[in-house]
Amino acid sequence: MDIFKLIAEYKQKNITMMAITAVKKDGAGPVEVGKKLLLFPDGESIGTVGGGAIEYYAQKKGLELLEKKQSLLETYVLDEGKVLPETKTLPMVCGGVVTLFYEYIGPKATIYIFGGGHVGQALVNVLKTMNYHITVIDERKPIIEKFNNADVLVNEAFVSFIEKDTIKDGDYIIVCTPSHKYDYHVINKILEKKLKPAYLGMLCSPDKIKGYLKSTYEKFGKDIDLSFFYSPIGLDTGGMTPEEIAISITAEILAITNNKSGHRHMREILDDQDHYW
């Protein structure tokens, strides 16, 4: 089994995993330096870091880190009677000390872009310089055929793609279809399915968003949760070209991904009575 080949294959398929590697060992223990275990969010694993208590703990720790999308270097003493500085004691009797490196392998986030026009293409060109997995959906075949740089291209009606349950809670969604009618169909379908994306942004003017909000409240009620909805989309950086808009949207996504505050979002230019978050 070539575990490095497996990692490459899984990365290509956008499968998130934790690679746990024994990087140092002093004294006796059941694992050799270089041994590696791949751990997946459902708890399944491939490979080993020695079995027993160390592997049980490594899998438990790995799942916690997968949830946080974090990597970690941690050292263990394999002797329940010993306590050493900056190490975790495990209930074993080998007596050695082992260091494991937990490497998160996966995208910073999964992004779905509805609409492959000028803004969609400019946005992908920027986002693909970072660790995002990007799917572009457009029902116009000529647009999909000439689109560049996305990880996945889907030539399908916008709403029918959403109905396939591909999008998960915590994903990022950008809506920039060729028509506000299609934009609204996409947003409404996401709300109907009660999805909770980390980010749902729609390319829209302040005047257009007022009309959309009115129809949304009529359809879903005033209590509908729109806290994750950003429209007008992007940070208030100025500029109207597709490239400038793409930078504005990317900056907003980065601010949300990294839990940063203090920026002026475009949705904040709306009058107080139009605030929906």
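Structural notes, computed from the coordinates. (Residues numbered from 1 in each chain as written. Predicted model: local features only at pLDDT ≥ 70, side-chain atom pairs only at ≥ 80, totals over all residues. Heavy atoms only, no water.)

**A few points about the packing of helix H3 (residues 118–127) against helix H8 (residues 242–257)**
(1) Moving on: Between H3 and H8, the least distance of the axes is 8 Å, while the angle of their chain directions is 55°. Taken together, the axes of H3 and H8 lie oblique to each other. The chirality of how H3 crosses H8 is right-handed. Residue-level contacts link His 118, Val 119, Ala 122, Leu 123, Val 126 and Leu 127 of H3 to Pro 242, Glu 243, Ile 245, Ala 246, Ile 247, Ile 249, Thr 250 and Ile 253 of H8.
(2) Moving on: Among the residues making up the contact of H3 with H8, the classes are represented as 11 nonpolar, two polar and one charged. (Axes fitted to C-alpha atoms, helices over the stretch in contact; angles between N-to-C directions. Helix = DSSP H or I, 4+ residues; strand = E, 2+ residues; numbered from the N terminus. Parallel < 35°, antiparallel > 145°, perpendicular 65-115°, else oblique. Left-handed = near helix turned anticlockwise from the far one by under 90°. Contact = heavy atoms within 4.5 Å. Nonpolar A, V, L, I, M, F, W, Y, C, P; charged D, E, K, R; others polar.)

**Points about the packing of aromatic side chains**
(1) Moving on: Across all of its chains, the model carries 12 aromatic pairs by this definition.
(2) Moving on: Ring centres of Phe 158 and Tyr 182 lie 6.0 Å apart, and the angle between their planes is 50°; on these two criteria the pair is classed as tilted. Of this pair, Phe 158 sits in helix H5 (residues 158–162) while Tyr 182 sits in helix H6 (residues 180–192), placing them 24 residues apart in sequence.
(3) Moving on: Under the relative-accessibility criterion, Phe 158 is labelled buried at 3%.
(4) Moving on: With relative accessibility at 27%, the residue Tyr 182 sits in the partly exposed group.
(5) Moving on: Within the aromatic cluster, the residues linked to one another by ring pairs are Tyr 112, Phe 114, Phe 158, Phe 161 and Tyr 182.
(6) Moving on: Seen from the ring of Phe 220, Lys 219 lies directly overhead, with NZ or CZ sitting 5.6 Å from the centre.
(7) Moving on: When the ring centre of Tyr 217 is taken as origin, the NZ or CZ atom of Lys 222, which lies over that ring, is 4.1 Å away. (Phe/Tyr/Trp six-rings, centres within 6.5 Å; stacked < 30°, edge-to-face > 60°. Buried < 20%, exposed > 50% of the residue type's maximum accessible area, 1.4 Å probe, protein only. Lys NZ or Arg CZ within 6 Å of the ring centre and 35° of its normal.)

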